[in-house]
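# Coordinate analysis (summary)
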Amino acid sequence: MVFVISFSDSNPERVSKLIQRTFPRGGGDIPHHKEATDGKPIVVMPAPSIVVIPLQQHIGAPCEPVVAVGDKVKMGQMIGQSTKFISAPVHSSVSGQVLAVEERRLANGAKTMCVVIRNDGRDEMVAGEKHGDLRKISAAAIREAVKNAGIVGMGGAGFPTHVKLNPPKPVDTILINGAECEPYLTCDHRLMVEQAEQMVHGLFAIMKATGAAKGVIGIEANKPDAISQVQEAVAEYEQLSVAVLQVRYPQGAEKQLIKAILNREVPSGGLPHDVGCVVSNVHTAIAIYEALSAGKASYERVVTVSGGAVVDPRNLLVRVGTPIEELFKFCGGFLGEPEAVVCGGPMTGPPVQDLLGPVVKNLSGVLALSKEEAAFDENFPCIRCERCVRACPMGLTPNLLGEYSNKGLYRDAERLHLRDCIECSLCSYVCPAKRALVTWIKKGKAGLAAENAKEKVS
Ligand code: SF4
Ligand code: SF4
């Protein structure tokens, strides 16, 4: 492909002159705010005295607890068992004693069953099964190891990875999504700089598990040091390449990434395997490598802690189950009262309702935003400027989708392809009238699903 280029150059000026691929429709420039953390190495945060580990940290069926109050557990020990195919087991992130198996509040305010464990500080680990040489492990064994390690999409989706590694259609290419186009987030950037080789080994495992012959790592051009490190890591493998992507939101959305790198269009309602590829996140690929090489379960992750209301923003390696409040404390606390606290990036992440909510496997960042960063504007009438229409990367009419959804006209919204909305929030961001388009669209999708369910029953 002419647009997948290979080079080794960490000079930002030269990188800016190289061919940069992108998606053809909509999109826009948004402020990045990544400078507070993109040059800072990942710091290991000490484990807290108590962890609260949710039994559902993934799309699909929740896990059944396999421990009880009073049980002693080790780090990496399975504490929640998956009973359905679309699910992923959950493991302890510390060694210690189970204090409770009960409902607790997550950061988004929802309640779910959790295992609460008092950390004994010994970090005693279970011995996981190691698979040293990738050439000697079968595709099925890779999928099994990934499943047993409880790996889910760590970029935010939380889809069980072992399911993704078993696509129902043939795939020829694996894309590693290193775009990280959300403002503030830099955890994937730092992982590519610090653990590029591990990511490449993870990519090879995904290729083997799916039967794909090629692998491409897509990275936005504002990460020249990551591009350089990854290029070095793939240099000796002719089946791998780096695609430099234009800095343009939402470049990291799955469909936009596939279009930019492979020039393939995922059909409405379709998935990447419908166009012969699988997309994986950077952190997920590294977790796969760790599961295979060290038998490590998914019980910790890198989280970007940033925003104008944080004293010392950083990227932290954090145990799953750590209260979010502890991350901010570790970063020096708040500069005054934050205007908003958000899980993930500010464009797509939900607000934090409870600071005691725990870190979960797919939490890429927590942001404490200052008043200047999180100004909530009044909602004015639409002025028919069509900026939202021009910005929409899915070619939709967000002004109408928002209006119909807000008025409960779900079938009208459906006719305008409501379900194709990827909830990137760009329409709301560019709207001069500050209309809450994406909030209404989400409401419309929920309303439509409820109407469909009702019709099915009657
Ligand atoms: S949130 Fe949906 S409607 Fe709005 S710009 Fe993104 S894809 Fe388009
Ligand atoms: S950008 Fe806002 S004001 Fe302009 S057409 Fe869309 S909804 Fe209306």
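From a predicted model like this one, the values you see are computed outputs, not experimental measurements.

## Considerations on the overall build of the protein chain
The helix and strand inventory of the protein chain stands at 14 helices and 16 strands. Against the 2.2 N^0.38 benchmark of 23 Å for 458 residues, the protein chain shows a C-alpha radius of gyration of 22 Å, consistent with a compact globule. C-alpha atoms of the protein chain, sized along the principal axes, occupy 60 × 55 × 50 Å. For the protein chain, restricting intrachain contacts to residue pairs at least 6 apart in sequence, the fraction spanning at least 24 positions comes to 73%.

## Concerning the site of ligand 1
Taken together, 17 residues lie near ligand 1, and Cys392, Pro398, Cys421, Cys424 and Cys427 sit nearest. Looking at the shell around ligand 1, the elements with two or more residues in it are α11 (398-406), α13 (426-430) and α14 (437-457). If one sorts the elements of the shell around ligand 1 by residue count, α14 sits on top with 3 residues. When the residues that make up the shell around ligand 1 are grouped by side-chain class, the tally is 15 nonpolar, 1 polar and 1 charged.

## What about the nonpolar core?
In terms of nonpolar packing, the biggest core is built from 129 residues, with Met199, Leu203, Ile206, Ile219, Val230, Ile288 and Val303 touching the most fellow members. Here this core takes 9 residues from helix α5 (residues 196-210), the largest share from any one element. Not counting residues up to four positions away in its chain, the partners in contact with methionine 199 are Ile176, Leu191, Met192, Val282, Ala285 and Ile286.

## Details of the domain arrangement of the protein chain
Domain annotation of the protein chain identifies domain 1 (12-30 + 130-294), domain 2 (50-119), domain 3 (300-369) and domain 4 (387-457). Distance from the C-alpha centre of domain 1 to the C-alpha centre of domain 4: 29 Å. Facing the 13 residues of domain 1 at the interface are 13 residues of domain 4.

## Some remarks on the pairing of strand β16 (residues 365-369)
Among the 5 residues that make up β16, 5 are buried, leaving the element largely enclosed by the rest of the structure. Covered by surrounding structure in β16 are Gly365, Leu367 and Leu369 together with Val366 and Ala368, the residues of both alternating faces. Here strand β13 (residues 300-306) runs beside β16; their pairing, made up of 3 bridges, is parallel. Residue pairing across strands places valine 305 opposite valine 366, the latter belonging to β16. Note: strand β15 (residues 340-343) against β16, 4 bridges, orientation antiparallel.

## Side note on the sheet that holds strand β4 (residues 72-73)
Strand order in this open sheet of 4 strands is β2-β8-β7-β4, and the pairing throughout is antiparallel. Two strands lie at the open edges of the sheet, namely β2 (50-54) and β4, each paired on one side alone. Where strand β7 (residues 96-105) lies against strand β8 (residues 111-119), 9 bridges are found, and the strand directions are antiparallel. Directly across from glutamine 97, in β8, lies its bridge partner arginine 118.

## Concerning the site of ligand 2
Neighbouring ligand 2 are Cys382, Ile383, Arg384, Cys385, Glu386, Arg387, Cys388, Asn399, Cys431, Pro432, Ala433 and Arg435. For the shell around ligand 2, the class distribution of residues is 7 nonpolar, 1 polar and 4 charged.

## Description of the environment of valine 366
With respect to the secondary-structure elements, valine 366 resides in strand β16. When the 29 C-beta atoms within 10 Å are taken as the criterion, valine 366 is described as buried. Residues contacting valine 366, with those up to four places away along its chain left out, are Val303, Val305, Ile324, Leu327, Val341, Cys343 and Val352.

## Focus: the confidence of the model for the protein chain
Across the protein chain, pLDDT averages 92, with 95% of residues at or above 70. For residues 1-10, every residue scores under 50 in pLDDT, and the model assigns this stretch 25 contacts once sequence neighbours within four places are set aside.

## Description of the sheet that holds strand β5 (residues 78-81)
The 3 strands are arranged β3-β5-β6 in an open sheet whose pairing can be described as antiparallel. Pairing within the sheet leaves two strands with one partner each, and these edge strands are β3 (64-65) and β6 (90-91). The sheet contact formed by β3 and β5 spans 2 bridges and is antiparallel. Pairing of proline 65 across the sheet is with glycine 80, part of β5.

## Structural notes on the pairing of strand β10 (residues 214-220)
Most of β10 is tucked away, with 6 of its 7 residues classed as buried. Strand direction decides the pairing type here: strand β9 (residues 173-178) and β10, joined by 6 bridges, are parallel. Residue pairing for β10: glycine 178 is matched across the bridge by isoleucine 219. Once you follow β10 into helix α6 (residues 224-234) and on to strand β11 (residues 240-245), the crossover reads as right-handed.

## As for helix α8 (residues 282-294)
Here α8 contains 13 residues, and its C-alpha end-to-end distance of 18 Å stays within 8% of the 18 Å for a straight helix at 1.5 Å per residue. Of all the 13 residues making up α8, 11 are buried; the element is thus mostly covered by neighbouring parts of the structure. Along α8, the residues that are buried comprise Val282, His283, Thr284, Ala285, Ile286, Ala287, Ile288, Tyr289, Glu290, Ala291 and Leu292. Positive backbone phi, approximately 65°, marks glycine 295, located one or two places after α8.

## Things to note about the packing of helix α4 (residues 187-194) against α8
The relative placement of two packed helices comes down to the angle between their axes together with the axis-to-axis distance. For the pair α4 and α8, the least separation of the axes is 9 Å and the interaxial angle reads 45°. In terms of axis orientation, α4 runs oblique to α8. Across from Cys187, Asp188, Leu191 and Met192 in α4, the residues of α8 making contact are Val282, His283 and Ile286. Across the contact of α4 with α8, the residue classes tally to 5 nonpolar, 1 polar and 1 charged.

## Examining the packing of α4 against α6
At a minimum axis distance of 8 Å, the contact between α4 and α6 shows a crossing angle of 40°. Our classification of the angle between α4 and α6 gives oblique. The crossing of α4 and α6 is left-handed. Between α4 and α6, the contacting residues are His189, Met192 and Val193 on the first element and Asp225, Ala226, Gln229 and Val230 on the second. When the residues that make up the contact of α4 with α6 are grouped by side-chain class, the tally is 4 nonpolar, 2 polar and 1 charged.

Definitions and cut-offs
- Residues numbered from 1 in each chain as written.
- Chains lettered and ligands numbered in written order.
- Predicted model: local features only at pLDDT ≥ 70, side-chain atom pairs only at ≥ 80, totals over all residues.
- Helix = DSSP H or I, 4+ residues; strand = E, 2+ residues; numbered from the N terminus.
- Rg over C-alpha atoms; globule rule 2.2 N^0.38 Å.
- Contact = placed C-beta atoms within 7 Å.
- Near = placed C-beta within 6 Å.
- Nonpolar A, V, L, I, M, F, W, Y, C, P; charged D, E, K, R; others polar.
- Core = buried A, V, L, I, M, F, W, Y, C linked by C-beta atoms within 7 Å.
- Buried ≥ 20, exposed ≤ 12 C-beta atoms within 10 Å, placed from the backbone.
- Domains from an automatic or database assignment.
- Pairing = 2+ DSSP bridges.
- pLDDT = per-residue confidence, 0-100.
- Right-handed = clockwise from strand over helix to strand, strands pointing away.
- Expected span 1.5 Å × (residues − 1).
- Axes fitted to C-alpha atoms, helices over the stretch in contact; angles between N-to-C directions.
- Parallel < 35°, antiparallel > 145°, perpendicular 65-115°, else oblique.
- Left-handed = near helix turned anticlockwise from the far one by under 90°.

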